[in-house]
Structures are given as structure tokens and as C-alpha cells.
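Each chain, written out:
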Amino acid sequence: MAALRTLALLSLMVGVSTALDMDCSYFGLLDHLNVSRDNHALADVRPVKNWTTPTRVQADLVIFGILNVDEKAQTLTTQSWSTMAWKNEFLTWNPSDFCGIDKLFVQREMLWMPDIIIVEDVSDTGSVRRSLHATVSSDGVVSVGQAHRLTTTCQMELYRFPFDTQTCNITFTSVTEIGTVLEMASNGSVLTKYSESLMITQGEWSLGSIKISKVNVKANYTHQLSYQVTIERRPLLYVMNLLLPLLYFLVLDVASFFIFEARGEKLNFKVTILLSFSVLLLILQDILPSTTDTLPLIALYCIVIFTLVWISVLEAMLVNFLFDLDKAKRATCSGVHTPAETRILVPEESAGEAEKAEEKPGKYQLSLRWPSDVVLLKLILEEVKVARQEYDSTVREEQERNQPGSYEKVARIIDSVFFVTYVVVNVGFLVYMHNAWLVK
Ligand SMILES: *[C@@H]1O[C@H](CO)[C@@H](O)[C@H](O)[C@H]1NC(C)=O
């Protein structure tokens, strides 16, 4: 028992004495690992003891900002943070030998870095901000991180614009190193969650998901790690600026069938709607890139609605023409003056009578009172008779005019048939658009 106690005391003393000897600064550790600017081998050569051992580089990509999506240039600009970690077999130490130092920060240029690029990267120079230091753990794992303003090419499918989601690939690949194997550090759902929690800006777009697929190209021994970033467009602005106004115009156009045809007001109204359409189509030209081969649904929507309104304007013209034809026919057949002429004539006659009637009382007032009243009454009676006759004749004419002619009948039939067809076609088209656009 006593021997055991002395042994323990002895070991404690030895421990204390070695602790006193220990160098607790980073310099000692750097010295031990032989990390310095003069040690070029450490920076130049892949750090494995047996050259056949591959270096497994674990990469992570976190996207925390969607800065710009350029449909015309087909690029996606994101703010992202990528980390890489690999094992350097020469940089291991026992932390208890160095006062518990388990992490070391070393200038990047002193260590070997895997030669990894992003295939789709088209960023300007200066878009990468890397930290100057690499972190080395006591088990030899070196990790580096860098922030990108990353612009990547991305083939965009705009068929469902503005209800579209885009999938862009961000592919890490090792360019020269044969022994470098790329691996993912964490899986896609973790990255998605992490990205969403860090998201600082996304604007028109929201991050859908990040998926990872590992591609191994055996032929030239390069490994690729591909991230599929899915982003969803927020369509509200386009719906408010373009789709809803177009829909409202279409409804107005349908409603304009209830305007009385014979005056040509309907035609004016419809032409106005058509003009408003062209203004909205100008907006579309700004929004939509001309990069797709297939006609996007939004273009189809605009063109079909424009065509529908255009056809309905033509129909209104036809109906108007038929009404005019009828009017012209009646005017030539019956030989009576057109309504416009009678309307002009009637006020002139009555005005003349009225003048006479006003003059006469003025004359008689000076002579006899009673006879003048009698004459006045007679005059009024005559005036009333004339007025009544005129009224009767105008009513008769009006009735004649309201009797629909043959062309007018045809026009009315065309109008109602067209109206029903138009409504059916409109509803059918809108249902089709809804299914093609919004149902996934
Ligand atoms: C190097 O690795 C290869 C393949 O793993 C193995 O056959 C060889 O024995 C290793 N050499 C040494 C010296 O460990």
C-alpha cells in the first residue's frame, strides 16, 4: 500500500516536472510539426505517407443568399460558403504533449491545398473571400472555408414562368490531383436546413432544396461532387402586374356583349380593351427572355387572350355592319326621311309655331281681353293637335324602325351564338391554363 502511494507520488512529480518542461506556445508545436515557409514539401506534395493512399476531401456547400437570377444570361448568383476538409498525415500530434493544444491555425500557403474548382463558376475575379488560415486538428484534419459571391451558369426552363422552379448544378471537381477523392461531408437535407436557417437574402426566389449527387468519372480519374440547388420563384408580382389585368380585360370583353349594339359603342369599347392589351404585352417583352425554344405558357396565355379579344372585335364589326345594312335598306325602300332628319325638322316647326304664339298674345293684349283669350286658347288647341299628330307619326316611325329587318335578325343570331361560343372557349382556355400552369 505504501509502495503504491510512493509510486503515485513519484508519477505526479514526474508529471509536474514534464509539465514545467513543456512548451505551451504554438511555436513549439510548429517546430515539432516542422511547419514553416521553408518547408516547401509540406506545401507542394499531397500529404500521404504511402502515395497509393487517396486523400479524401470532404466538401460542404451552404447557400445563404440568392442574389440574382438572370434568365437572359442564364446565370444564378448566390452568396455561399464552402468548406473542405482532408487529412494531412504529417500533421498529427498528441494534445497532452502540448498543454492540450488541439487546434492550430496555419497560413494557407504553408500547406498543401487540393486543387478543386467549381465547373459552372463564371464569377468575376475577387468574388471569393477566403480566410487566410487553415485549421489543423491534432488528428491531422485540415479544414479551410471560403465565402463566394458565386455566379454559376444554369440552364433554365422557363416554360411555366412565373410559376417555375429552377434546378441549378454546382459541381466541385478536382482538376489535376489524381489521388484526390471528393466526398460529401453532410447530406443534402442537413445542408438545406442549415442554408435556410442562415438565409440572409433571397428576393424574388426562395430556396427549395439542396441535393447532392456524386459523380465519379473513371476515365481520367477525376471525381466530381455535384450539388443540385432547387429554387422557386415567387410569382406574386407577375400575377398582379400581368396575369390578373389580362384576365380582367377578358372579363370586361365578355361583359361588353351586354352593351346595346346599334350605336357602335360596343365596338369602341372593345377596341379600347385591345389597345390596353398591347400596353400589357409591352411589359411582357421586358420580362420574358427569348432563350427558350418552346413557347412559354405565359406567352401562350397572352397571345390567346389577345386573339380572343381580336376575334370578338371582328364580330362586333360584323354585327355593326349588318345593322347598318338594315338601316340603309329601310331608308331606300320606304323613302321616308331617316330618323335624324325628322328629329331636325320637328324642333324647327315647333319653334316657328311658338314664335307666332308668342307674338299674337302681345298684339291682342292691347285691344280686347276676352277675344284674345279665346284666340289664345284656340291657338293652344291647334298647337296641341299638331304636336299630337307629330307625336303619333314619330311613334309609328319608331315602331317601324324597331321592327327588326332581316339582316338585323341575322346579326342578333350571330351575336348570341358567338357570345355563347366565346364564353365557352374562354372558360375552357382558362381551365386548360390553370391545369397546365398550376397543377404539378
Ligand atoms: C502502400 O499501399 C499499397 C496499397 O495499399 C500497399 O500494397 C503497400 O504495401 C503500401 N506500402 C507501404 C510501404 O506501406
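Scroll up for the structure.
A brief structural summary. Computed from a predicted structure; not experimentally measured. (Residues numbered from 1 in each chain as written. Predicted model: local features only at pLDDT ≥ 70, side-chain atom pairs only at ≥ 80, totals over all residues. Heavy atoms only, no water.)

### A word on unusual backbone geometry
Step number 1: Residues F161 and P162 are joined by a peptide bond in cis, for which omega reads 0°.
Step number 2: Position of P162 relative to the elements: it lies in the loop between β7 (141–153) and β8 (165–174).
Step number 3: Not every positive phi belongs to a glycine, and Q74 is a case in point at roughly 60°.
Step number 4: Along the chain, Q74 turns up in the loop between β1 (55–70) and β2 (75–87).
Step number 5: Overall, Q74 belongs to the buried group, its relative accessible area being 12%.
Step number 6: Positive phi is not limited to glycine here, since C99 has a value of about 55°. (Helix = DSSP H or I, 4+ residues; strand = E, 2+ residues; numbered from the N terminus. Buried < 20%, exposed > 50% of the residue type's maximum accessible area, 1.4 Å probe, protein only.)

### What about the state of the cysteines?
Step number 1: Tallied over the entire structure, the rule returns two disulfides.
Step number 2: Note on cysteine connectivity: C24 is disulfide-linked to C99, with sulfurs 1.6 Å apart. The disulfide joining C24 to C99 has a torsion of about -70° about its S-S bond and is therefore left-handed. Here C24, found in the loop between α1 (2–21) and α2 (26–33), pairs with C99, found in the loop between β2 and β3 (103–107); they are 75 residues apart in sequence, far enough to count as distant.
Step number 3: A disulfide bridge connects C154 with C168, and the sulfur atoms are separated by 2.0 Å. A torsion of -80° about the S-S bond marks the disulfide between C154 and C168 as left-handed. With C154 in the loop between β7 and β8 and C168 in strand β8, this residue pair connects regions lying 14 residues apart in the sequence. (Disulfide = S-S within 2.5 Å.)

### Some points on the packing of helix α5 (residues 236–255) against helix α10 (residues 406–438)
Step number 1: One can describe the packing of α5 onto α10 by two numbers: an axis separation of 11 Å at closest approach and a directional angle of 165°. Judged by the angle between their axes, α5 and α10 are roughly antiparallel. Handedness of the crossing formed by α5 with α10: left-handed. In this structure, α5 contributes L243, L247, L250, D253 and V254 to the contact, and α10 contributes F419, Y422, V423, N426, L430 and W437.
Step number 2: For the contact of α5 with α10, a count of residues per class yields nine nonpolar, one polar and one charged. (Axes fitted to C-alpha atoms, helices over the stretch in contact; angles between N-to-C directions. Parallel < 35°, antiparallel > 145°, perpendicular 65-115°, else oblique. Left-handed = near helix turned anticlockwise from the far one by under 90°. Contact = heavy atoms within 4.5 Å. Nonpolar A, V, L, I, M, F, W, Y, C, P; charged D, E, K, R; others polar.)

### Focus on the pattern of salt bridges
Step number 1: For the structure on display, the rule yields nine salt bridges.
Step number 2: Note that R37 and E109 form a salt bridge whose closest N and O atoms lie 3.4 Å from each other. On the criterion of sequence distance, the pair formed by R37 in the loop between α2 and α3 (40–44) and E109 in the loop between β3 and β4 (116–118) is long-range, its members being 72 residues apart.
Step number 3: When the shortest N-O distance is used, the salt bridge between E71 and R233 registers 2.8 Å. Of this pair, E71 sits in the loop between β1 and β2 while R233 is found in strand β11 (residues 222–233), placing the two residues 162 residues apart along the sequence. Taken individually, E71 and R233 each receive the classification buried, so the pair is uniform in this respect.
Step number 4: The structure contains a network of salt bridges with shared partners spanning E71, D164, E204 and R233. (Salt bridge = Lys/Arg side-chain N within 4 Å of Asp/Glu carboxyl O.)

### Regarding the packing of α5 against helix α6 (residues 265–287)
Step number 1: Following both chains from N to C, one finds α5 and α6 inclined at 160°, their axes separated by 10 Å at the closest point. Relative to α6, the element α5 is oriented roughly antiparallel. When the axes of α5 and α6 are compared, the crossing they make is left-handed. Two secondary-structure elements touch here, α5 through Y238, N241, L242, P245, L246, F249, L250, L252 and D253 and α6 through F269, K270, I273, S276, F277, L280, I283, L284 and I287.
Step number 2: When the residues that make up the contact of α5 with α6 are grouped by side-chain class, the tally is 14 nonpolar, two polar and two charged.

### A closer look at the side chain of S123
Step number 1: Relative to the helices and strands, S123 resides in the loop between β4 and β5 (128–130).
Step number 2: Polar side-chain contacts of S123 include one of 2.9 Å to the backbone nitrogen of T151.
Step number 3: Ignoring anything within four residues of it in the chain, the contact list for S123 reads R149, L150 and T151. (Polar contact = N/O pair within 3.5 Å; in protein donor to acceptor, adjacent residues only side chain to side chain.)

### Observations regarding the layout of surface pockets
Step number 1: Computed from the structure, the second largest pocket encloses a volume of approximately 270 Å³.
Step number 2: Where the lining of the second largest pocket is concerned, the elements lending two or more residues are β2, β4, β5 and β7.
Step number 3: Here the element with the most residues in the lining of the second largest pocket is β4; it accounts for three residues.
Step number 4: Here the lining of the second largest pocket is composed, by residue class, of eight nonpolar, three polar and four charged. (1 Å grid on protein atoms, 1.4 Å probe; cavity = no way out; pocket = protein on both sides within 12 Å on 5 of 7 lines; lining within 4 Å. Points joined across faces, edges and corners; volume = space filled by probe spheres on them.)

### Some thoughts on the environment of V142
Step number 1: When you line up the elements, V142 lands in strand β7.
Step number 2: Residue class for V142 comes out buried when judged on its relative accessible area of 1%.
Step number 3: Sequence-wise, V142 and M84 are 58 residues apart; in three dimensions their C-alpha atoms are separated by 8.2 Å.
Step number 4: Apart from residues lying up to four places away in sequence, V142 is in contact with M84, A85, W86, N88, L91, L111, A134, T135 and V136.

### Details of the nonpolar core
Step number 1: Core analysis: the biggest nonpolar cluster contains 45 residues, and L91, L111, V136, I170, F172, Y227 and I231 have the highest contact counts within it.
Step number 2: Among the elements that line this core, the one with the most residues is β1, at seven residues.
Step number 3: Not counting residues within four places of it along the chain, the set of residues in contact with Y227 comprises A59, D60, L61, C168, N169, I170, F172, L191, I210, K211 and I212.
Step number 4: With 34 residues, the next largest nonpolar core counts Y238, F277, Y301 and F418 among its residues. (Core = buried A, V, L, I, M, F, W, Y, C linked by side-chain atoms within 4.5 Å.)

### Quick notes on the pairing of β3
Step number 1: The two faces of β3 differ: L104 and V106 on one face are buried, but K103, F105 and Q107 on the other face are not.
Step number 2: Judged from the five bridges that link them, β3 and strand β6 (residues 133–137) form a sheet pairing that is antiparallel. Considered in β6, the bridge of V106 is made with A134. (Pairing = 2+ DSSP bridges.)

### As for the packing of aromatic side chains
Step number 1: Enumeration according to the criterion identifies 13 aromatic pairs in this entry.
Step number 2: Measuring from centroid to centroid gives 5.9 Å for W86 and W112, while their planes differ by 90°, and the two rings are edge-to-face. Here W86 is found in strand β2, whereas its partner W112 is found in the loop between β3 and β4, with 26 residues between them in sequence. Each member of the pair W86 and W112 is classed as buried.
Step number 3: Relative to Y422, the ring of F257 has its centre 5.6 Å away and its plane inclined at 50°; by these criteria the two rings are tilted. Here Y422 lies in helix α10 and F257 lies in the loop between α5 and α6, a separation of 165 residues in the sequence. Judged on exposure class, the residue F257 and its partner Y422 are both buried.
Step number 4: Pairwise contacts between aromatic rings join F257, F258, F418, F419 and Y422 into one cluster.
Step number 5: The lysine or arginine in question, K270, covers the ring of F257, its NZ or CZ lying 4.0 Å from the ring centre. (Phe/Tyr/Trp six-rings, centres within 6.5 Å; stacked < 30°, edge-to-face > 60°. Lys NZ or Arg CZ within 6 Å of the ring centre and 35° of its normal.)

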